[in-house]
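Residue-level structure breakdown
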Amino acid sequence: MRKISSVYGLVNAYYEKHPNGHFFDPNTLKFFGERFSEMRLLEQTETVTDVSGEKHECYVLSSLQRKHPMGPRRKYTFFDIETLDDVIV
């Protein structure tokens, strides 16, 4: 598994693993008010426990959701480093 070190690297790797995925689609980003220019991939991976109690080593994507119902909010999304699945915590 190659080390991903940028937002665009994550996007490309995500679509390699999930060719029909919608996480980074323009309409999805527009719905949440997100922009690639405001996303950051944190340098360190993080071990998180998902809602089923399983542990995952994850890349952490930081984004700004401008259309959050309670005003703009910083959102952290976790992507499993092996599968690049969006891990729900």
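The structure under discussion appears in the preceding block.
Presented here is an overview of the structure given in this document. (Residues numbered from 1 in each chain as written. Predicted model: local features only at pLDDT ≥ 70, side-chain atom pairs only at ≥ 80, totals over all residues. Heavy atoms only, no water.)

**Some words on the pairing of strand β3 (residues 55–65)**
Most of β3 sits inside the fold, with 9 of its 11 residues counted as buried. Note that strand β1 (residues 40–41) and β3 share 2 bridges and pair antiparallel. If you follow Arg40 over to β3, its bridge partner there is Ser62. Here 4 bridges tie strand β2 (residues 46–49) to β3, and the two strands are oriented antiparallel to one another. Considered in β3, the bridge of Glu46 is made with Cys58. When β3 meets strand β4 (residues 73–80), the two strands line up antiparallel, connected through 8 bridges. Residue pairing across strands places Leu64 opposite Arg74, the latter belonging to β4. (Buried < 20%, exposed > 50% of the residue type's maximum accessible area, 1.4 Å probe, protein only. Helix = DSSP H or I, 4+ residues; strand = E, 2+ residues; numbered from the N terminus. Pairing = 2+ DSSP bridges.)

**Some words on the environment of Cys58**
Take Cys58: it is sitting in strand β3. Owing to a relative accessible area of 0%, Cys58 belongs among the buried residues under this scheme.

**Description of the environment of Asp86**
Within the secondary structure layout, Asp86 lies in strand β5 (residues 86–87). Note on Asp86: relative accessible area 34%, which makes it partly exposed. Non-local contacts of Asp86, meaning those with residues more than four positions away in its chain, are made with Phe23, Thr77, Phe78 and Phe79. (Contact = heavy atoms within 4.5 Å.)

**Topic: the packing of aromatic side chains**
One pass over the full model with this rule turns up 10 aromatic pairs. Between Tyr14 and Tyr15 the ring centres are 5.3 Å apart and the planes differ by 75 degrees, which places this aromatic pair in the edge-to-face class. By relative accessible area, which is 8% here, Tyr14 ends up buried. Take Tyr15: its relative accessible area is 24%, and that puts it in the partly exposed class. Measuring from ring centre to ring centre gives 5.9 Å for Phe24 and Phe79, while their planes differ by 20 degrees; the resulting arrangement is stacked. Remark: Phe79 occurs in strand β4 and Phe24 occurs in the loop between α1 (7–17) and α2 (26–32); sequence separation between them is 55 residues. On the accessibility criterion, Phe79 (0% relative accessible area) is buried. Taken together, the ring pairs connect Tyr8, Tyr14, Tyr15, Phe23, Phe24, Phe36 and Phe79 into an aromatic cluster. (Phe/Tyr/Trp six-rings, centres within 6.5 Å; stacked < 30°, edge-to-face > 60°.)

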